[in-house]
Amino acid sequence: MRIKEHPILELAEKPPIPFYFNGKLLYGIEGDTIASALHANGIKKLSESIHLKRPRGFYCAIGNCASCNMVVDGEPNVRTCITPLKEGMRVENQQGKGRIHAK
Amino acid sequence: MQNKEAIVIGGGPAGLTAALELLKAGASVCLIDRNERLGGQLTKQTHMFFGSEKQYASHRGIDILEILTNSLGKYGNKLEILTETTVVGMYRDKVLSCVSGDKFFKLQGEKIIFATGASEKALPFENNDLPGVYAAGAVQTLMNEYGIKPGEKVLMVGSGNIGLIVSYQLMQAGVEVVALVEAADRIGGYLVHASKIKRLGVDILTNTSVKRAIGKDSVEAAEIWELDEQWQGIEGSERTLEVDTICVAVGLAPLTELLQQMGVNVKYVNELGGNVPILDEQYQTSVEGVYACGDLANIEEASSAMVEGRIVGINAARSLGRSVENADFRIKALRHELKDLRGGPPGDKVRKGLKKLGVAT
Amino acid sequence: MIEKNGVPSMNQVKAEFPTQETLAKPKAIIECYKRIPCNPCETSCPFDAITVGEDINERPRIDFEKCTGCGICVYNCPGLAITVTQIKGDQAHLKIPYEFTPLPEKGESVNVMSRSGEVITQGTVTKVQAGKKQNKTALIHLSIPKEFLYDAITIEVSYGS
Ligand SMILES: Cc1cc2nc3c(=O)[nH]c(=O)nc-3n(C[C@H](O)[C@H](O)[C@H](O)COP(=O)(O)OP(=O)(O)OC[C@H]3O[C@@H](n4cnc5c(N)ncnc54)[C@H](O)[C@@H]3O)c2cc1C
Ligand code: SF4
Ligand code: SF4
Ligand code: FES
């Protein structure tokens, strides 16, 4: 879902960044945040609500609302909308308050 | 703890111009923003701005940002920029606690200027927490900063300038805007913006709102319905639109929590977007040496945010004992610019709000 | 009604047009129906044909005698509210602002849209100005049947890039 052509913005080709989502290898590009890379891969569901386990995606995309919290490299509650994507990152859907489950 | 002459929190149009005026007067400035890049809302505004030449009208937001950051570049080591740094707390003696990555530190400033902008309001409707329901600013960030489409078919909720312009920008990104709904009986934003999307085929539906989002793991459709005069949904008027994204543009609320934390007096003024700091003539809050400007002080435009930033910068520089060339004349001229920008029908709300706050306009 | 759906009435539109005789030469048609704080149309016109005045909230007024139809205001107006129109025989020639990709090409046949967003006729692109001066708001020159003079406003955008 990346924009290929834009009348105003110059969208330069950027080098790919490999990362893992729930164990699966995906690619983002340089300049992506974790959430933008996932969205570009068609993944909208980032977490589940604490009590009712309802799916959650991002909402504000600027670090205000915590709706995009995920487990990143084992650390829960990472605001993926403002966290730059790095090579080899392991990103997982967060369940509830984000207990770190044993691996 | 480091002591600074002036600290500006927020690198949007208001913070940038405040910093510029302080630097121009010879002061040292520490400019803090939680984002990777400076610019605030300007980083994603690909459209040309209204206003007059004095506020760079007819330039795109992203180009105005370049003009402002280029000017900042002239001041070398007088300016310290801390990006990816969030101010998380503030104490009475003008001490700020900041977080950057896993670092935590404190700064103290003789003068502190708040230009932290606003956050987007949410709208209550069934399933509004479903992935695919996004704030308009988020959609803009995704498209214009990361080059990613939020979806393929969008329902826009809200006909203020933000709803109208983000609809246009969605189309520019190759996304279909299926309809724009507005609860009020008329369009809220500039009619030139509305005509711009209407003539490209976007349905603008007033007296209409979203009833619920439909979908399992993400939005698959939206149900809209007509509203009566009391803004109550009319049973039987429901229609289902096939969309994968619902974009919510129902207004902004000033980010005043930090200010309130340190005991700055605020007042709830609906016309200005919610709780806003009470300011004196100098744009100083109830705490001496702490100033506020831009969307944080009243939800308005980048044009007025830039003018307010300049006024605050000049005032703060003067109270630091710096001499500002032609200060009185410039303040007068800047106030005149604000008056011009707020003088017409779109400024009615802000004028009314400022009056409630006791600010002369 | 423009306040409800963004579509001006035919009376509102016609009030912004000069006579058809005047349109033998190209003239700017300004459709800025509500007062807003804005004046780049005035400041960008090299011929001083547009006046907003001291209070930037006033609606722009045009002096058709001074307007040369150059099109500079068209791509400087942030509201994309200005077009240039001329009558040439049985054709109307339009210059419209356009901010979409791909840009149409000279000679291309395009769908022409009304203010309410319906395709009303076909037109031919006669020139595309999209240089540095236009700064990404291209100026598209169009030729359409004259009968659509008061109805045509833009061209259709195709989706799915
Ligand atoms: C879609 C859209 C279209 C618009 N179109 C126009 C237009 O055409 N013309 C116009 O004049 N205006 C327009 N505006 C309005 C304009 O963008 C805003 O009024 C303006 O950006 C406000 O400037 P600001 O500097 O007060 O705040 P912002 O631009 O919001 O900047 C605030 C900055 O503060 C930072 N920040 C916040 N909290 C903290 C913290 N705790 N620590 C560190 N940093 C923090 C933020 O990251 C941000 O960078 C539009 C707005 C939107 C959303
Ligand atoms: S078309 Fe040219 S001459 Fe006419 S009003 Fe616009 S800028 Fe001025
Ligand atoms: S520049 Fe365009 S939007 Fe601004 S006042 Fe002139 S015609 Fe209206
Ligand atoms: S989406 Fe709101 S914090 Fe990330």
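Conventions adopted
Residues numbered from 1 in each chain as written. Chains lettered and ligands numbered in written order. Predicted model: local features only at pLDDT ≥ 70, side-chain atom pairs only at ≥ 80, totals over all residues. Heavy atoms only, no water. Near = heavy atom within 4 Å. Nonpolar A, V, L, I, M, F, W, Y, C, P; charged D, E, K, R; others polar. Core = buried A, V, L, I, M, F, W, Y, C linked by side-chain atoms within 4.5 Å. Buried < 20%, exposed > 50% of the residue type's maximum accessible area, 1.4 Å probe, protein only. Helix = DSSP H or I, 4+ residues; strand = E, 2+ residues; numbered from the N terminus. Contact = heavy atoms within 4.5 Å. Pairing = 2+ DSSP bridges. Axes fitted to C-alpha atoms, helices over the stretch in contact; angles between N-to-C directions. Polar contact = N/O pair within 3.5 Å; in protein donor to acceptor, adjacent residues only side chain to side chain. Areas by Shrake-Rupley, 256 points an atom, 1.4 Å probe, with all protein chains shown as cover. Salt bridge = Lys/Arg side-chain N within 4 Å of Asp/Glu carboxyl O. Domains from an automatic or database assignment. Buried area = accessible area lost by both parts, 1.4 Å probe. Parallel < 35°, antiparallel > 145°, perpendicular 65-115°, else oblique. Left-handed = near helix turned anticlockwise from the far one by under 90°.

Caption draft 1: The site of ligand 2, seen in detail. For ligand 2, the set of nearby residues contains 15 residues, the closest of which are C:Cys45, C:Cys67, C:Cys70, C:Gly71 and C:Cys73. A per-class count over the shell around ligand 2 returns 12 nonpolar, three polar and no charged.

Caption draft 2: Main features of the nonpolar core. Ranked by internal contacts, the top residues of the largest apolar core, which has 99 residues, are A:Phe19, A:Leu38, B:Val133, B:Leu155, B:Leu170 and B:Ile246. When residues in this core are grouped by element, the largest group, six residues, is from helix H4 (residues 161-172) of chain B. When sequence neighbours within four positions are dropped, the list of residues in contact with B:Val133 reads A:Phe58, A:Tyr59, B:Phe125, B:Asn127, B:Asn128, B:Ala213, B:Val219, B:Ile246 and B:Val248. Counting 66 residues, the second-largest nonpolar core is a separate cluster that includes B:Ile7, B:Val29, B:Leu296 and B:Ile314.

Caption draft 3: The arrangement of the sheet that holds strand S12 (residues 208-214) of chain B in detail. Residues and elements named next belong to chain B. In space, the three strands of this open sheet follow the order S12-S13-S14, with antiparallel pairing throughout. The sheet is open, and its two edges are formed by S12 and strand S14 (239-241), each paired on a single side. On average, each strand axis in the sheet is inclined to that of its neighbour by 30 degrees, with strand direction left out of account. As judged from the six bridges shared by S12 and strand S13 (residues 221-226), these two strands associate in the antiparallel manner. Its bridge partner lying in S13, Ile-214 is registered against Ala-221.

Caption draft 4: Structural view of the site of ligand 1. All names here are of chain B. What surrounds ligand 1 is a group of 32 residues, the closest being Asp-33, Gln-41, His-47, Asp-295 and Ala-302. In this structure, an oxygen atom belonging to ligand 1 sits 3.0 Å away from a side-chain N or O atom of Gln-45. For ligand 1, whose unbound accessible area comes to 1000 Å², protein coverage reaches 95%. Among the secondary structure elements, those contributing two or more residues to the shell around ligand 1 are helix H1 (13-24), strand S4 (86-91), H4 and helix H7 (302-319). The class makeup of the residues in the shell around ligand 1 is 12 nonpolar, 15 polar and five charged.

Caption draft 5: View of the sheet that holds strand S11 (residues 203-205) of chain B. All names here are of chain B. The sheet built from five strands is open, its strands ordered S8-S15-S9-S10-S11 with parallel pairing. The open sheet is flanked by strand S8 (133-135) and S11, the only strands paired with a single partner. Strand-to-strand, the axes of this sheet are offset by a mean angle of 25 degrees, without reference to chain direction. Relative to S11, strand S10 (residues 176-181) runs parallel, the two sharing three bridges. What sits directly across from Val-181, in S11, is Leu-205.

Caption draft 6: Seen up close, the pattern of salt bridges. Enumeration according to the criterion identifies 31 salt bridges over all chains in this entry. One salt bridge connects B:Arg60 with C:Glu99, and the closest N-O pair in it is separated by 3.1 Å. One end of the pair, B:Arg60, is in the loop between strand S2 (29-32) and helix H2 (61-72); the other, C:Glu99, is in the loop between strand S5 (91-98) and strand S6 (109-114), on a second chain. Each member of the pair, B:Arg60 as well as C:Glu99, carries the same accessibility label: buried. Across the pair B:Arg342 and B:Glu300 runs a salt bridge, and its minimum N-O distance is 2.8 Å. One end of the pair, B:Arg342, is in the loop between helix H8 (327-341) and helix H9 (348-356); the other, B:Glu300, is in the loop between strand S19 (290-292) and H7, and 42 residues separate them in sequence. The exposure class of B:Arg342 is buried, given its relative accessible area of 6%.

Caption draft 7: Representation of the domain arrangement of chain B in the model. All names here are of chain B. Under the domain assignment, chain B is made up of domain 1 (2-119 + 252-356) and domain 2 (132-248). Taken together, the contacts link 10 residues of domain 1 with 13 residues of domain 2. Here domain 1 meets domain 2 over a buried area of about 940 Å², counting both sides, of which 55% is carbon and sulfur. On the domain 1 side of the interface with domain 2, the three residues burying the most area are Lys-44, His-47 and Phe-50, jointly 54% of the side's total. Across the contact surface, domain 1 and domain 2 share one salt bridge. Counting across the interface, domain 1 meets domain 2 through five residue pairs in polar contact (both at pLDDT 80 or more). By residue class, the composition of the side of domain 1 that touches domain 2 is three nonpolar, four polar and three charged.

Caption draft 8: Structural context of the packing of helix H3 (residues 136-144) of chain B against H4(B). Residues and elements named next belong to chain B. The contact between H3 and H4 brings their axes to 10 Å, and the two run at 30 degrees. On the basis of the axis angle, H3 is roughly parallel to H4. For H3 against H4, the interelement crossing comes out left-handed. Residues Ala-136, Val-139, Gln-140, Met-143 and Asn-144 of H3 pack against Ile-162, Val-166, Gln-169 and Leu-170 of H4. Among the residues making up the contact of H3 with H4, the classes are represented as six nonpolar, three polar and no charged.

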